[in-house]
Amino acid sequence: MPYALGVDIGSTTASAAVCRRGEDGWSEAVAVRLGARSATVGSTLQISMDGTVSPRDVTGPDEPGPSLRSIRGYVRRVGDDVPFMIGNQPYPAHGLTAAMVRWVVDRVWDVEGEPAAQVALACPSGWGAHREGLLSGALGDLGLDDVVLVASALAAVAGHGTAGELPAPGVFAGYDLGGTGFTGSVVARRTGGGMELVDVVEHPVGGSDLDDALVAHVLARSGSGRAGSMSAAMMAWLRDSCAVARERLSVAAEAVVPVPTPTGQVDVVVTRAELAELVRPLLQPTVDGLARLARDAGTEPTAVVLAGGASQTPGLAELVAARLPVPVRSDPHPDGVVARGAALAARRVLTRTRPVARERA
Ligand SMILES: Nc1ncnc2c1ncn2[C@@H]1O[C@H](COP(=O)(O)OP(=O)(O)OP(=O)(O)O)[C@@H](O)[C@H]1O
Ligand SMILES: [Mg+2]
């Protein structure tokens, strides 16, 4: 069955969604499972000695020794003069991003049994022609010539909701909190279908910063002293435990973090309310930034749409609602919203209706 594919490569995860064409026409945008246990797959890449590039979640953890190396955070470095270096070998960020896109396209091809009729890729909203050109060139080198690039803030608004339909005309504020970064946006949806990115703001706060705050909190509560007294392996383990607990607190009233101390393990109980209070100082600037952006745009938004995995953090929707007194729309799978919006952009190319505009006021 022909399908339009949307891809979102973030600093933490990669996700994909498709619109399929059946006898009754095109379907809504639905997620395609990329990982073994979840719809998304980690976007950290592993490079083997022979230069093969693949997601680490798929190839397994780093083996001891120099045989495999991991690289993360490459999307936000597209356009940097300095490439990633593995030994003496340079790996430019646009090539790594294209390699991840190629892997996703091939994975979906396996799942769907045929290649995509059209691919759209969500890109950071502040990108200009230089970065887009670098990435398009790298995609072309990997056999992906006709990929449409769409600003992720536009895709986040378009992909919201479950019906796969664009929201009604109006001005929307987008709040996207990912693994390492926040993007706020104001998007206008015009009568007739066109969408326009009015303005965008970025802030270097994401889920990993919330993890850091929780690590410091449980260390203090356990009485085990400062992080410096712990081995790197112990610290990595504690950080992972905190990330699991933080995600669990999006649905549970409390979570337990086992903390290693010099006198044995101490189980620290963290409640939703405690987490919300702990991360509020980190999140407040993102919410204030979005409110300023909306005010400067000169129109009150119809709604705020939440996207990004970390937007599920307890207390966040309330913080947003307190600062922007309009309905706040969440999604059951916020880390897949941008890919769904990209799939709708790919579908529009195939149906030749009004394409998503990529403009700034
Ligand atoms: N249920 C959950 N509750 C809270 N946070 C969650 C949940 N699920 C995932 N996250 C967090 O979401 C973050 C990843 O979100 P997402 O996949 O949107 O990021 P990304 O797009 O890769 O990153 P970025 O947008 O910064 O480049 C991680 O920090 C993860 O811990
Ligand atoms: Mg993201």
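- The protein chain has the name Hsp70 family protein in an unreviewed UniProt entry, where Virgisporangium ochraceum is given as its organism.

1. Quick word on the nonpolar core
Most often, soluble globular proteins keep nonpolar side chains buried together rather than apart.
So, point 1. Counting 40 residues, the largest nonpolar core has Tyr175, Val218, Leu238, Leu283 and Val304 as the members making the most contacts within it.
So, point 2. In terms of residues, this core owes the most to one element, helix H7 (residues 272-297), which gives eight residues.
So, point 3. For Leu283, the contacting residues outside a window of four places in its chain are Tyr175, Leu177, Val205, Leu210, Thr313, Leu316 and Leu319.
So, point 4. Counting residues in hydrophobic clusters, the runner-up holds 38 residues, among them Ala16, Leu45, Trp127 and Leu135.

2. Brief notes about the site of ligand 1
So, point 1. Around ligand 1 lies a shell of 18 residues, among which Thr12, Thr13, Arg246, Glu247 and Ser250 are the nearest.
So, point 2. Between an oxygen atom of ligand 1 and a main-chain N or O atom of Thr12, the distance comes to 2.7 Å.
So, point 3. The backbone of Gly309 places a nitrogen or oxygen atom 2.9 Å from an oxygen atom of ligand 1.
So, point 4. For ligand 1, whose unbound accessible area comes to 660 Å², protein coverage reaches 87%.
So, point 5. Formed jointly, the shell around ligand 1 draws a minimum of three residues from each of two domains, domain 1 (3-162 + 332-351) and domain 2 (208-269).

3. Comments concerning the sheet that holds strand S7 (residues 53-55)
So, point 1. Ordered by their spatial adjacency, three strands build an open sheet running S7-S6-S8, and the pairing between neighbours is antiparallel. Looking along the sheet, the strands with just one partner apiece sit at the ends: S7 and strand S8 (68-71). Pairwise comparison of adjacent strand axes, ignoring direction, gives a mean angle of 30° for this sheet.
So, point 2. Here strand S6 (residues 45-48) pairs with S7 via three bridges, running antiparallel.

Conventions we followed
Residues numbered from 1 in each chain as written. Chains lettered and ligands numbered in written order. Predicted model: local features only at pLDDT ≥ 70, side-chain atom pairs only at ≥ 80, totals over all residues. Heavy atoms only, no water. Core = buried A, V, L, I, M, F, W, Y, C linked by side-chain atoms within 4.5 Å. Buried < 20%, exposed > 50% of the residue type's maximum accessible area, 1.4 Å probe, protein only. Helix = DSSP H or I, 4+ residues; strand = E, 2+ residues; numbered from the N terminus. Contact = heavy atoms within 4.5 Å. Near = heavy atom within 4 Å. Polar contact = N/O pair within 3.5 Å; in protein donor to acceptor, adjacent residues only side chain to side chain. Areas by Shrake-Rupley, 256 points an atom, 1.4 Å probe, with all protein chains shown as cover. Domains from an automatic or database assignment. Pairing = 2+ DSSP bridges. Axes fitted to C-alpha atoms, helices over the stretch in contact; angles between N-to-C directions.

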